[in-house]
Amino acid sequence: MIDIKNLSKSFGPFRAVDNISFSVQRGEVLGFLGPNGAGKSTTMKMITGFLTPTSGSVAVCGHDVATAPIAAKQKLGYLPEGAPAYPDMTPAAFLDFIADVRGLSGDAKRTRLAEVIGLVHLEGVLHQRIETLSKGFKRRVGLAQAIIHDPEVLVLDEPTDGLDPNQKHEVRTLIRRMSKDKAIVLSTHILEEVEAVCTRAIIIARGRILFDASPADLQKEGPLDEVFRRITTGERVAAS
Amino acid sequence: MKNTLILFKRELRGYFATPVAYVFIVIFLILNGWVTFYLGQFYEQERADLQVFFNFHPWLYLFLIPAVSMRLWAEERKTGTIELLMTLPVSMAQTVIAKFAAAWAFTGIALVLTFPMWITVNYLGTPDNGVILASYVGSFLMAGGYLAIGACISALTKNQVVAFVVSLMLCLVFILAGFPMVLDFISGWTPQPVVDAVRSFSFLTHFNSIMKGVIDVRDFLFFGSLMAMCLFANAVILDLKKAD
């Protein structure tokens with residue numbers, strides 16, 4: 001569903017993403033792990049067509065993002081970092097706008113909007129301006145916006161950031177439930193999140209993939225945070 | 001086309017969801033009245049036309065239009081919604097045109113709301129309404145020119161103040177290019193074709209010609225091509241620097 005080949009991105013002399021390749025199949029939930037500035041967001045921005053790669057290619061459901069951007073974007077749902085949304089709009093108006101752009105209309109739109117609003121529990125704040133919402137609600141508006149058209153590929157940049165433990169649990173359940181017929185890529189700082197929802201983990205640092213396996217394999221190497229530190233810093237962590 | 005319309009509607013509603021629209025329209029109308037009656041001495045002129053009213057439009061737009069255009073893209077960058085917008089299944093051209101069209105329609109609404117001026121002059125005398133209509137069309141076109149320049153500048157920065165000041169300066173250049181002061185200054189040492197070329201780039205030259213009620217295709221072509229060029233540049237700039 002997602003095919004990434006030799007993808008690189010440079011900002012001036014700085015190489016944010018350095019020749020990475022991987023693909024994600026239907027049913028997979030790929031967790032993107034790595035320290036800040038590792039290239040997680042940059043990679044996601046290239047998958048969704050926001051950033052143009054310096055070299056390499058990305059294909060979403062067989063559509064090359066560079067040559068057939070509209071077709072690729074139709075298959076994609078994307079929650080950008082920080083869940084941006086128009087601050088002057090209400091969630092109701094905002095989601096209605098996204099549904100329109102995504103080509104939903106009439107009864108199908110109404111049903112789907114109600115369904116998505118229920119899934120992320122936005123009922124209570126539907127008619128409040130987005131700028132007045134708490135971080136958790138904003139994130140959920142962003143999530144609703146990403147899944148409204150039931151996309152085959154979901155790219156979520158830190159979907160649970162700013163949520164309280166209960167909300168985190170709900171979002172993880174939601175992701176797991178959707179994962180059967182989708183390819184999902186999510187980035188996170190939270191190691192246990194990988195165990196909780198991902199079927200596969202990629203650890204990335206300094207723009208390179210350092211580890212690519214299932215969370216279970218990752219755990220075999222030892223306690224998660226130690227493994228993470230060892231892999232991303234390249235130093236051996238003394239077993240204490 | 002459908003997507004352009006969806007984006008256009010969201011944009012236009014956006015103006016009225018914030019105080020921006022109301023503040024702009026009220027200030028625009030107050031300033032229009034003030035310059036026409038006080039500076040322009042509309043009554044003392046005892047002429048049944050709206051020339052004094054339209055004469056001030058290039059100067060009102062100079063300050064007010066960059067205030068509208070500065071937020072077009074700078075705000076999208078600031079709030080991060082540009083990332084959302086650029087990853088929706090719409091083309092760059094559709095987005096650029098929709099945002100510009102919404103801003104233009106908004107200034108059109110403000111312009112239409114000056115209709116009491118038209119009623120006043122018709123009550124006081126018998127003006128040539130054809131000329132007034134032409135002037136309104138000219139004023140609207142000129143507003144589009146200012147806006148297109150401002151939109152293009154707004155795409156360059158995430159700082160709205162920078163966008164405002166730079167747009168204002170650029171628009172000022174486009175006004176002054178037709179000023180006798182500037183033209184006399186350069187006509188002393190440049191050949192006549194250069195002087196004519198500079199003059200032909202001025203908003204004033206084209207606006208004044210439309211204001212006379214003379215419908216000259218060249219004036220329409222000037223504003224039309226200026227807008228097309230600026231919007232094209234706008235799209236190119238966005239394409240080159242979406243992220244920063």
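Everything numeric in this text was worked out from a predicted model, so none of it was measured. (Residues numbered from 1 in each chain as written. Chains lettered and ligands numbered in written order. Predicted model: local features only at pLDDT ≥ 70, side-chain atom pairs only at ≥ 80, totals over all residues.)

Some remarks on the overall build of chain B
Logical step 1: When helices and strands are counted, chain B shows 15 helices and zero strands.
Logical step 2: The C-alpha radius of gyration computed for chain B amounts to 19 Å, which stays within 12% of the reference 18 Å derived for 244 residues, consistent with globular compactness.
Logical step 3: By residue count, 39% of the 244 residues in chain B fall in the buried class. (Helix = DSSP H or I, 4+ residues; strand = E, 2+ residues; numbered from the N terminus. Rg over C-alpha atoms; globule rule 2.2 N^0.38 Å. Buried ≥ 20, exposed ≤ 12 C-beta atoms within 10 Å, placed from the backbone.)

Focus: the interface of chain B and chain A
Logical step 1: Taken together, the contact between chain B and chain A spans 19 residues of the former and 20 residues of the latter.
Logical step 2: At the level of elements, helix H1 (2-17) and helix H7 (81-86) of chain B are the ones that each hand at least two residues to the side of chain B that touches chain A.
Logical step 3: A per-element tally of the side of chain B that touches chain A places H1 of chain B first, with five residues. (Contact = placed C-beta atoms within 7 Å.)

What to know about the nonpolar core
Logical step 1: Counting residues in hydrophobic clusters, the biggest one holds 126 residues, and the most contacted among them are Ala 144 and Val 185 of chain A together with Leu 147, Ala 148 and Ala 151 of chain B.
Logical step 2: Looking at which element gives the most residues to this core, the answer is helix H10 (residues 129-154) of chain B, with 13 residues.
Logical step 3: Counting contributing residues per domain, this core is built from domain 1 (2-75 + 152-232) and domain 2 (89-150) of chain A, each supplying no fewer than three. (Core = buried A, V, L, I, M, F, W, Y, C linked by C-beta atoms within 7 Å. Domains from an automatic or database assignment.)

Details of the domain arrangement of chain A
All names here are of chain A.
Logical step 1: Per the domain assignment, the segments making up chain A are domain 1 (2-75 + 152-232) and domain 2 (89-150).
Logical step 2: A straight line from the C-alpha centre of domain 1 to that of domain 2 covers 24 Å.
Logical step 3: Contributions of two or more residues to the side of domain 1 that touches domain 2 are made by strand E7 (153-157) and helix H6 (165-178).
Logical step 4: At four residues, the largest contribution of residues to the side of domain 1 that touches domain 2 is made by H6.
Logical step 5: Considered class by class, the residues forming the side of domain 1 that touches domain 2 number seven nonpolar, two polar and two charged. (Nonpolar A, V, L, I, M, F, W, Y, C, P; charged D, E, K, R; others polar.)

Describing helix H8 (residues 92-112) of chain B
Logical step 1: Compared with an ideal rise of 1.5 Å per residue, which puts 21 residues at 30 Å, H8 of chain B spans 30 Å between its outermost C-alpha atoms and is within 8% of the ideal.
Logical step 2: Those residues of H8 of chain B that fall on the buried side of the exposure criterion are Gln 94, Thr 95, Val 96, Ala 98, Lys 99, Phe 100, Ala 101, Ala 103, Trp 104, Phe 106 and Thr 107 of chain B. (Expected span 1.5 Å × (residues − 1).)

Remarks on the sheet that holds strand E1 (residues 2-11) of chain A
Residues and elements named next belong to chain A.
Logical step 1: Strand order in the open sheet formed by four strands is E2-E1-E4-E5, and the pairing between neighbours is antiparallel. The open sheet has two edge strands with one neighbour each: strand E2 (14-24) and strand E5 (63-64).
Logical step 2: Pairing analysis gives five bridges linking E1 to strand E4 (residues 55-60), with the strands arranged antiparallel. By the bridge assignment for E4, Ser 8 is matched with Ser 55.
Logical step 3: Sheet strands in contact with helix H1 (residues 40-47) are E1, E2 and E4, and its direction is about 120 degrees off that of E1. (Pairing = 2+ DSSP bridges. Axes fitted to C-alpha atoms, helices over the stretch in contact; angles between N-to-C directions.)

A closer look at the environment of Leu 5 of chain B
Logical step 1: Structurally, the position occupied by Leu 5 of chain B is in helix H1.
Logical step 2: In this structure, the C-alpha to C-alpha distance between Leu 5 of chain B and Leu 238 of chain B, residues 233 residues apart in sequence, is 20 Å.

Quick word on unusual backbone geometry
All names here are of chain A.
Logical step 1: Even without glycine at this site, His 121 takes up a positive phi of about 55 degrees.
Logical step 2: On the basis of neighbour counts, which here come to 14 C-beta atoms within 10 Å, the residue His 121 falls in the partly exposed class.
Logical step 3: For Asp 150, which is not glycine, the phi dihedral falls at a positive 50 degrees.
Logical step 4: Structurally, the position occupied by Asp 150 is in the loop between helix H5 (135-147) and E7.
Logical step 5: In this structure Asp 150 comes out as partly exposed when scored by C-beta crowding, with 15 C-beta atoms within 10 Å.

What about the sheet that holds strand E3 (residues 29-33) of chain A?
All names here are of chain A.
Logical step 1: Sheet architecture is open: six strands sit in the order E6-E7-E8-E3-E9-E10, paired in mixed fashion. Looking at which strands have only one partner, the edges of the open sheet turn out to be strand E6 (76-79) and strand E10 (208-213). For this sheet, the mean angle separating the axes of adjacent strands, direction not counted, is 15 degrees.
Logical step 2: The sheet contact formed by E7 and strand E8 (residues 183-188) spans five bridges and is parallel. Paired with Val 153 across the strands is Ala 183, a residue of E8.
Logical step 3: Sitting on the sheet, H5 is in contact with E6 and E7, with an inclination near 170 degrees to E6.

Observations concerning the pairing of E8 of chain A
All names here are of chain A.
Logical step 1: Most of E8 sits inside the fold, with six of its six residues counted as buried.
Logical step 2: Neither face of E8 is open: one carries Ala 183, Val 185 and Ser 187, the other Ile 184, Leu 186 and Thr 188, and all of them are buried.
Logical step 3: Note: E3 against E8, five bridges, orientation parallel. Bridge assignment links Leu 33 to a residue of E8, and that residue is Thr 188.
Logical step 4: Crossover handedness for the path E7 to H6 to E8: right-handed. (Right-handed = clockwise from strand over helix to strand, strands pointing away.)

Focus on the confidence of the model for chain B
Close inspection of predicted coordinates is inappropriate for parts of the model with low pLDDT.
Residues and elements named next belong to chain B.
Logical step 1: For chain B, per-residue confidence averages 89 on the pLDDT scale, and residues scoring 70 or more make up 99% of the total.
Logical step 2: When mean pLDDT is compared element by element in chain B, H8 scores highest at 95, while helix H3 (residues 42-45) scores lowest at 76.
Logical step 3: For this predicted complex, the interface confidence score (ipTM) comes to 0.88, while the overall pTM stands at 0.89. (pLDDT = per-residue confidence, 0-100.)

Focus on the environment of Ser 8 of chain A
All names here are of chain A.
Logical step 1: Tracing the chain through its elements places Ser 8 in strand E1.
Logical step 2: Of the residues examined, Ser 8 has 17 C-beta atoms within 10 Å and is grouped as partly exposed.
Logical step 3: C-alpha separation for the pair Ser 8 and Arg 208, spaced 200 residues apart in sequence, amounts to 9.5 Å.
Logical step 4: What Ser 8 contacts, discounting residues up to four positions off in sequence, is Arg 15, Val 17, Asp 18, Asn 19, Pro 53, Thr 54, Ser 55 and Gly 56.

Topic: the packing of helix H3 (residues 91-101) of chain A against H1 of chain B
In a pair of packed helices, the angle between the axes and the distance between the axes together describe the arrangement.
Logical step 1: At a minimum axis separation of 9 Å, H3 of chain A and H1 of chain B run at an interaxial angle of 165 degrees. The angle between H3 of chain A and H1 of chain B falls in the class roughly antiparallel. Both H3 of chain A and H1 of chain B take part in a crossing whose hand is left-handed. The segment H3 of chain A lies against H1 of chain B, with Phe 97, Asp 100 and Val 101 of chain A engaging Asn 3, Ile 6 and Arg 10 of chain B.
Logical step 2: Taken together, the residues of the contact of H3 of chain A with H1 of chain B sort by class into three nonpolar, one polar and two charged. (Parallel < 35°, antiparallel > 145°, perpendicular 65-115°, else oblique. Left-handed = near helix turned anticlockwise from the far one by under 90°.)

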